[in-house]
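Inside the fold
Below, each chain spelled out in residue letters.
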Protein chains: 2
Amino acid sequence: MRIAHVAPVATSVPPQKSGSVQTMTSLLTEGLVDRGHDVTLFAPGHSITRAKLHATFPLGYREDQTMWPWEMYELLNLAAAVERADEFDIIHYEAEYFPMSLAFTRLSRAPVSQTLHHAPDIEELTLWRRYPDAPFIAISREQARLLDGLNVAGVVPHGIDTERFVFNATPDDYLLFLGRFTPGKGPVQAIEVAKRTGMRLLLAAAEEQYYHDAVKPLVDDKQIVYVGEVDFDAKVKLFGGARALLYPVQAGEPFGLVLAEAMACGTPVAALDRGAVREVVDEGVTGIVFSDLDQMAAGLSRVCDLDRRRVRTRAVERFGVERMVNEYVAVYQQIVEAHRGRRTD
Amino acid sequence: MRIAHVAPVATSVPPQKSGSVQTMTSLLTEGLVDRGHDVTLFAPGHSITRAKLHATFPLGYREDQTMWPWEMYELLNLAAAVERADEFDIIHYEAEYFPMSLAFTRLSRAPVSQTLHHAPDIEELTLWRRYPDAPFIAISREQARLLDGLNVAGVVPHGIDTERFVFNATPDDYLLFLGRFTPGKGPVQAIEVAKRTGMRLLLAAAEEQYYHDAVKPLVDDKQIVYVGEVDFDAKVKLFGGARALLYPVQAGEPFGLVLAEAMACGTPVAALDRGAVREVVDEGVTGIVFSDLDQMAAGLSRVCDLDRRRVRTRAVERFGVERMVNEYVAVYQQIVEAHRGRRTD
């Protein structure tokens, strides 16, 4: 298949520092190349890929502050792919923010599909429903449910590079909270669970206002320890060393990448039942999903007792890049067929 | 000619309250219809026009707060015109903010031209230079100069409805400042000039922070009087009753609609030499352009002595709708020819 894969313009693919959308974009691009597809990646010029790179811009707008307004840069990167639509069977946009690709839906000879990386709000849905044919690829059934009234061509959960998330059979004796310090991620609730169970908790995330307001007062550097923001290697070590990942998420999220990453290191997860959590966690195998904090505190030892090798194996099966790439190819084929069926010219 | 005229999505065309872009869009649309052109206006559904109305949305985002993000609504209104490009000889976008139309330049069978209603900044120019063929129609030579490196197909100064700006041969005895209370518009400088000349000054504009910070302390309700924000009829009365309009503008502007409006009422203008001012004011006929405030204060009586009927006549010649519409038609023809010459399919 001739595939135009359109990345966000924020930074390189893969990202030099953080960037979950860029990481996923890179894994999918390289996986498609491995399967022999003819892939053109529309991404900033400092990206590294074995696909053909269409460098619409030399850098991303995270690096080059003159690239403003950033929405226009996203738009022109997309336009660059649509301008070459005759060369592709499908255009796939990784919409870091809102999928402006909809504006091109009826102008492109090739179908323009989009993966949305957040939970859409009501204003966005109202807008997108004007283009009921535009194919979305959801990242969870939960997100697909939220995309009600739109054309969800398929559900493809994210894949992660399971080779880089190294398995650790013999963890240390701590619990881990890893994520952003926001009320929605539940760091205060994680501390609550640690205190009730008497276990040590390491917190890893960048300092934000909510850290100073709500989290720092609870850090005692003995039982509750803040380890700062960590790079990739340190993250993998932290995952591998944890008895369990605490995920007392308060706001529903459309996926939960940190769950898959922890599991790939063999670390079971204790999660609250919100958003797509039940789709990511295999109950009793890779973790346990609890309905409230009391249950989580009471059931935490059962989570820690889960078989780490089995956690790893299941994570690789379910969240390996192989699976993601295969599923994307299948959805692409379906979208291309449907598009061919609709075209009359 | 088959013309798609794409208005901003903010509010109706013409606007029910204020909206200089919508007013100009309406005048141009109706003028084109009068000349027998086949015009389709892409504007919110509560617009009133004798052209064909393509109501992409029922309301504007000023009226309907759920229309968010507004940039996407602008984009989809434009896309609606480009989707019908086969039906038009030219698409003309009135870009209230940035011309996202550039993204469609190479996707549309009909040429996509744009009138820009503000002075572009360096970031915008950098972006737009990626599309050096995209035809801009400048509103002044000053704006054309700022659009350096872009394809400026022509310069067409704004027109106003000179019938509605009623001539007044016998003004009252006051000076007028009408515009927004911002440092760039120079309300404090207008007060300075009034004080030096001992003449009364009426200030008409909406209350903004700068009014409270810098203007209000200078208002004494005797010589310096704030009359609030005024509707259209009150504005015309204020213009007509003024001996002169003070326009001590500090920041360069690409046009200066208030100058043309005052002149149409027969009111001469005293302006500082910034931006496009010299293109709008006919020196010694419709007003006098000064290089600084001292000169303005010293020369104000000469401004007040200008022949008001001659001011009116010149304003109608130069800023009547007739002239604007004729010039737009000529530029459209030129853009259509150039586009035809470039197309090979």
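Described below are features of the structure shown in this document. This structure is a prediction, so every number in the text was calculated from the model and none was measured. (Residues numbered from 1 in each chain as written. Chains lettered and ligands numbered in written order. Predicted model: local features only at pLDDT ≥ 70, side-chain atom pairs only at ≥ 80, totals over all residues. Heavy atoms only, no water.)

Description of the environment of B:Asp38
Residues and elements named next belong to chain B.
- Positionally, aspartate 38 belongs in strand β2 (residues 38-42).
- With 102 residues separating them along the chain, aspartate 38 and serine 140 place their C-alpha atoms 27 Å apart.
- Among all residues touching aspartate 38, those that are not within four sequence positions of it are Met1, Arg2, Ile3 and Lys52. (Helix = DSSP H or I, 4+ residues; strand = E, 2+ residues; numbered from the N terminus. Contact = heavy atoms within 4.5 Å.)

Thoughts on unusual backbone geometry
Residue and element names in this part refer to chain A.
- Residue tryptophan 68 is joined to proline 69 through a cis peptide bond whose omega torsion reads -5°.
- Inspection of the secondary structure puts proline 69 in the loop between β3 (52-54) and α2 (70-83).
- Within the chain, aspartate 221 stands out as a residue other than glycine whose phi angle is a positive 60°.
- Summarising the element assignment, aspartate 221 is placed in the loop between α6 (209-215) and β10 (224-228).

Notes on helix α12 (residues 321-342) of chain B
- For α12(B), which comprises 22 residues, the first-to-last C-alpha distance of 31 Å matches the rise-based estimate of 32 Å (1.5 Å per residue) to within 8%.
- By the burial criterion, the buried members of α12(B) are B:Val321, B:Arg323, B:Met324, B:Val325, B:Tyr328, B:Val329, B:Val331, B:Tyr332, B:Ile335, B:Val336 and B:His339. (Expected span 1.5 Å × (residues − 1). Buried < 20%, exposed > 50% of the residue type's maximum accessible area, 1.4 Å probe, protein only.)

Looking at the sheet that holds β10(A)
Residue and element names in this part refer to chain A.
- One open sheet accounts for six strands, arranged β10-β9-β8-β11-β12-β13; its pairing is parallel. A single partner strand is all that each edge strand has here, and the edge strands are β10 and β13 (287-290). Strand after strand, the sheet turns through a mean of 25° between neighbouring axes, direction not considered.
- Bridge count between strand β8 (residues 174-178) and strand β11 (residues 242-247): three bridges; the pairing is parallel. Bridge pairing in β11 links tyrosine 174 to alanine 242. (Pairing = 2+ DSSP bridges. Axes fitted to C-alpha atoms, helices over the stretch in contact; angles between N-to-C directions.)

Quick notes on the interface of chain B and chain A
- Contacts between chain B and chain A engage 25 residues on the former and 27 residues on the latter.
- Of the roughly 2500 Å² buried between chain B and chain A, counting both surfaces, carbon and sulfur atoms make up 73%.
- Viewed at the interface, chain A and chain B are joined by two salt bridges.
- Measuring nitrogen to oxygen at the nearest pair gives 3.8 Å for the salt bridge that ties A:Arg106 to B:Glu83.
- At the junction of chain B and chain A, the tally comes to four residue pairs in polar contact (both at pLDDT 80 or more).
- Sorting the residues of the side of chain B that touches chain A by element identifies α2 (70-83) and α3 (122-128) of chain B as the ones contributing at least two each.
- Ranked by the residues each element gives to the side of chain B that touches chain A, the list is headed by α2(B), at seven residues.
- Of the residues belonging to the side of chain B that touches chain A, the class tally is 18 nonpolar, three polar and four charged. (Buried area = accessible area lost by both parts, 1.4 Å probe. Salt bridge = Lys/Arg side-chain N within 4 Å of Asp/Glu carboxyl O. Polar contact = N/O pair within 3.5 Å; in protein donor to acceptor, adjacent residues only side chain to side chain. Nonpolar A, V, L, I, M, F, W, Y, C, P; charged D, E, K, R; others polar.)

As for the packing of aromatic side chains
- Applying the stated criterion across every chain, the model contains 25 aromatic pairs over all chains.
- Centre to centre, the rings of B:Phe181 and B:Tyr211 are 5.0 Å apart; their planes meet at 35°, and the pair counts as tilted. With B:Phe181 in the loop between β8 (174-178) and α5 (187-197) and B:Tyr211 in helix α6 (residues 209-215), this residue pair connects regions lying 30 residues apart in the sequence.
- Residue classification places B:Phe181 among the buried residues on the basis of a relative accessible area of 1%.
- One aromatic cluster in this structure is built from A:Phe177, A:Phe181, A:Tyr211 and A:Tyr226.
- Note that B:Arg106 overlies the ring of B:Tyr131, its terminal NZ or CZ placed 4.1 Å from the centroid. (Phe/Tyr/Trp six-rings, centres within 6.5 Å; stacked < 30°, edge-to-face > 60°. Lys NZ or Arg CZ within 6 Å of the ring centre and 35° of its normal.)

So, the relation of the copies chain B and chain A
- With an RMSD of 0.1 Å, the fit of chain B onto chain A corresponds to turning through 180° and sliding 0.1 Å along the axis. The transformation relating the two chain copies, once decomposed into turn and shift, fits a two-fold axis. Residue B:Leu107, judged by its C-alpha, is the member of chain B lying nearest the rotation axis, at 3.5 Å.
- Taken as a fraction of all interface residues of chain B, those also at the interface in chain A reach 100%, which identifies the copy contact as same-surface. (Least-squares fit on C-alpha atoms with pLDDT ≥ 70 in both.)

Description of the nonpolar core
- Within the largest apolar cluster, 84 residues are counted, with the highest numbers of intra-cluster contacts made by A:Ile91, A:Phe104, A:Trp128, B:Ile91, B:Phe104 and B:Trp128.
- When residues no more than four places from it in sequence are discounted, the contact partners of A:Trp128 are A:Phe98, A:Pro99, A:Leu102, A:Leu116, A:His118, A:Pro120, A:Phe136, A:Leu147, A:Leu150 and B:Met72. (Core = buried A, V, L, I, M, F, W, Y, C linked by side-chain atoms within 4.5 Å.)

Some details on the packing of α5(B) against helix α10 (residues 293-304) of chain B
Residues and elements named next belong to chain B.
- Following both chains from N to C, one finds α5 and α10 inclined at 45°, their axes separated by 9 Å at the closest point. Between α5 and α10, the interaxial angle falls into the category oblique. The element α5 and its partner α10 pack so that their crossing is right-handed. On α10, the residues that touch Gln189, Glu192, Val193, Arg196 and Thr197 of α5 are Leu293, Asp294, Met296, Ala297 and Leu300.
- Counted by class, the contact of α5 with α10 contains five nonpolar, two polar and three charged residues. (Parallel < 35°, antiparallel > 145°, perpendicular 65-115°, else oblique. Left-handed = near helix turned anticlockwise from the far one by under 90°.)

Concerning the pairing of strand β7 (residues 151-155) of chain B
All names here are of chain B.
- Here strand β6 (residues 135-138) runs beside β7; their pairing, made up of four bridges, is parallel. Within β7, the position partnered with phenylalanine 136 by the bridge is valine 152.
- Remark: the β6/helix α4 (residues 141-146)/β7 crossover connection has right-handed handedness. (Right-handed = clockwise from strand over helix to strand, strands pointing away.)

A few points about the state of the cysteines
Residue and element names in this part refer to chain A.
- Under the criterion given, the structure shown has zero disulfides over all chains.
- Not part of a disulfide, cysteine 304 finds its nearest cysteine sulfur in cysteine 265, a span of 16 Å.
- Overall, the relative accessible area of 11% leaves cysteine 304 in the buried class. (Disulfide = S-S within 2.5 Å.)

Here we look at the sheet that holds β8(B)
Residues and elements named next belong to chain B.
- Taken together, the six strands give an open sheet; going across it, the order is β10-β9-β8-β11-β12-β13, and neighbouring strands pair in parallel fashion. Across the chains shown, the open sheet's two edge strands, defined by having one partner strand only, are β10 (224-228) and β13 (287-290). In this sheet, adjacent strand axes meet at a mean angle of 25° when their direction is disregarded.
- Of the strands in this sheet, β8, β11 (242-247) and β12 (269-272) touch helix α8 (residues 257-264), which is tilted by about 170° from β11.

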